[in-house]
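# Structural overview for review
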Amino acid sequence: YKQLSHMKSIDSFTHSSFQRQFPAISSLEPLAIHPTTDYGGLIIEKLQPFDKERKIRESYWEGYTYRKTRPRKERAQENYYAYDDDFVRQVNLPGVRACRRTSWHKMNFPNCNNFHDINFLREENMKYLGHGYYRDVFGIRILKETVVFKTHSLYMRYKHERLEQVRIDALVMERLTSAPNIVDIYGFCGFSVLTEALTVELQEKIVPGSGYIEQSDLHDEKELKPQNSYTGKEKLEMALEMAEAIASLHGFKDGVIVHDDIQLCQFLRNKAGVMKLNDFNRAEIMLFDEKKGEYCRYKNGAAYGNYRSPEEFSDSLLNEKIE
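Residues numbered from 1 in each chain as written. Predicted model: local features only at pLDDT ≥ 70, side-chain atom pairs only at ≥ 80, totals over all residues. Heavy atoms only, no water.

## Digging into the overall build of the chain
Each helix and strand counted, the chain has seven helices and 13 strands in total. Across the 323 residues in the chain, those meeting the buried criterion constitute 37%. Here the chain has roughly 21,500 Å² of accessible surface; of this, 53% comes from carbon and sulfur atoms. (Helix = DSSP H or I, 4+ residues; strand = E, 2+ residues; numbered from the N terminus. Buried < 20%, exposed > 50% of the residue type's maximum accessible area, 1.4 Å probe, protein only. Areas by Shrake-Rupley, 256 points an atom, 1.4 Å probe, with all protein chains shown as cover.)

Written out as structure tokens, the structure is:
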């Protein structure tokens, strides 16, 4: 029923007044409106009087694909974080699409108590290793084992969307625990994750120096001169290992996962020499169109960096093929 806020008392609600307010359904009997609501024995103290109707509607922002300069950002974010998994998202694609999230897309498995047991103040247990765009990376000794601790930088502004990115990072590692070429996760809480230590950075060995070199310094006018010492067989083996790691995401049995940030620095080796793919905070868990039986493409907005596909630079619709 609708609660008419302008009525002074419940007694003033007569059949004739109902007909005036709702002429389209005046042939029906008056609605039974009760001045109090039964909350099943709970005592509810209202913080403010309910003297106005609260309009409930489907927001047209549901299913809005990400754009760098989208308007009404806060409203779009509200719909993302309060998203109902049973709601069919209408994605901005040609034709009518019924794009749904996977059943595990919003799962969350924090184990914060384990983080609280770690003494981060003991300098001998902690070593700064480096940083990404908004996270700092530390090596920590726990029970004679070194693990990696990633957490939000103290010098970067905290944003809600980064909290979600870290959740996705942790979720992808958790879902792919059985994959031998995906980094193992040991813990997740808020902006932080604990993972296995990957001791060998391949980019430093494959690309010597800063990675930027002048054409004149290549000295390959007559024939190609590799800038590293890897043999052709070693390069082929590394390329296969990288492809298999990416295939673990694209071929995941419960839905395609796009890493969305593939570059050399994401591939490292652990102390056993196993190459593993790392860093999933930009990952996209692709939506699925149940009507057409295919995955729904997405957008990232304007692309930045050196390792981006042509589709990303042109702000086109994307899928796992960008990798």
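## Describing the sheet that holds strand 2 (residues 126-131)
Ordered by their spatial adjacency, five strands build an open sheet running 2-3-4-6-5, and the pairing between neighbours is antiparallel. The open sheet is flanked by strand 2 and strand 5 (185-189), the only strands paired with a single partner. Taken over all neighbouring pairs, the strand axes of this sheet differ in orientation by 20 degrees on average, direction set aside. Of the pairings in the sheet, the one linking strand 4 (residues 145-152) to strand 6 (residues 192-196) comprises four bridges and is antiparallel in character. Looking across to strand 6, one finds that valine 148 is bridged to threonine 195. Sheet contacts for helix 4 (residues 160-175): strand 3 (135-142), strand 4, strand 5 and strand 6; angle to strand 5, the most-contacted strand, approximately 155 degrees. (Pairing = 2+ DSSP bridges. Axes fitted to C-alpha atoms, helices over the stretch in contact; angles between N-to-C directions. Contact = heavy atoms within 4.5 Å.)

## Here's the deal with unusual backbone geometry
A positive phi is found at aspartate 260, a non-glycine position, where the angle reads about 75 degrees. Looking at the element boundaries, aspartate 260 is found in the loop between strand 8 (257-258) and strand 9 (267-269). Look at aspartate 260 and you get buried, because its relative accessible area is 3%. Of note, the phi angle at aspartate 315 is positive, near 55 degrees, even though the residue is not glycine.

## So, the side chain of lysine 276
One can find lysine 276 in strand 10 (residues 275-277). Overall, the relative accessible area of 6% leaves lysine 276 in the buried class. Reaching out from lysine 276, the side chain makes a polar contact with the side chain of aspartate 184 at a distance of 3.5 Å. Those residues within four positions of lysine 276 in sequence are excluded, and the remaining contacts are Pro180, Asn181, Ile182, Val183, Asp184, Glu196, Leu198, Gln266, Phe267, Leu268 and Asn270. (Polar contact = N/O pair within 3.5 Å; in protein donor to acceptor, adjacent residues only side chain to side chain.)

## Considering the nonpolar core
Ranked by size, the top nonpolar core spans 28 residues in total, and within it Val172, Leu176, Leu249, Ile257, Phe267, Leu277 and Phe280 carry the most contacts. For this core, the leading source of residues is helix 6 (residues 232-250), giving five residues. Discounting residues that sit within four places of it in the chain, leucine 277 has contacts with Asn181, Ile182, Val183, Ala245, Ile246, Leu249, His259, Ile262, Gln266 and Phe267. Grouped together as the second largest cluster of nonpolar side chains are eight residues, Phe115, Ile140, Cys189 and Leu194 included. (Core = buried A, V, L, I, M, F, W, Y, C linked by side-chain atoms within 4.5 Å.)

## Quick word on the environment of alanine 170
By the element assignment, alanine 170 lies in helix 4. With a relative accessible area of 4%, alanine 170 lands in the buried category. Linking alanine 170 and phenylalanine 188, residues 18 residues apart in sequence, is a C-alpha distance of 6.4 Å. If we ignore the near neighbours within four places in the chain, the residues touching alanine 170 are Ile185, Phe188 and Val193.

## Remarks on the packing of aromatic side chains
Taken as a whole and assessed by the stated rule, the structure comprises seven aromatic pairs. Ring centres 6.3 Å apart and planes at 55 degrees place the aromatic pair phenylalanine 115 and phenylalanine 149 in the tilted group. Of this pair, phenylalanine 115 sits in helix 3 (residues 112-116) while phenylalanine 149 sits in strand 4, and the two are 34 residues apart along the sequence. Each member of the pair, phenylalanine 115 together with phenylalanine 149, is buried. Ring centres 6.4 Å apart and planes at 90 degrees place the aromatic pair tyrosine 133 and tyrosine 134 in the edge-to-face group. When its relative accessible area of 67% is taken as the criterion, tyrosine 133 is described as exposed. Owing to a relative accessible area of 5%, tyrosine 134 belongs among the buried residues under this scheme. The structure contains a cluster of three or more aromatic residues connected by ring pairs, namely Phe115, Tyr128, Phe138 and Phe149. (Phe/Tyr/Trp six-rings, centres within 6.5 Å; stacked < 30°, edge-to-face > 60°.)

## Looking at the sheet that holds strand 7 (residues 200-201)
Judged by pairing direction, the sheet is antiparallel, and its three strands sit side by side in the order 7-9-10 without closing on themselves. Of all the strands in the sheet, just strand 7 and strand 10 have a single pairing partner and so form its edges. Of the pairings in the sheet, the one linking strand 9 to strand 10 comprises three bridges and is antiparallel in character. Each residue of the ladder has a partner; that of phenylalanine 267, found in strand 10, is leucine 277.

## Details of helix 4
Taking 1.5 Å per residue, 16 residues should reach 22 Å; helix 4 reaches 23 Å between its end C-alpha atoms and fits that length. Taken together, the buried positions of helix 4 are Arg162, Glu164, Val166, Arg167, Ile168, Asp169, Ala170, Leu171, Val172 and Met173. (Expected span 1.5 Å × (residues − 1).)

## So, the environment of arginine 122
For arginine 122, the position within the fold is in the loop between helix 3 and strand 2. Residues arginine 122 and isoleucine 140 lie 18 residues apart in sequence; the distance between their C-alpha atoms is 9.8 Å.

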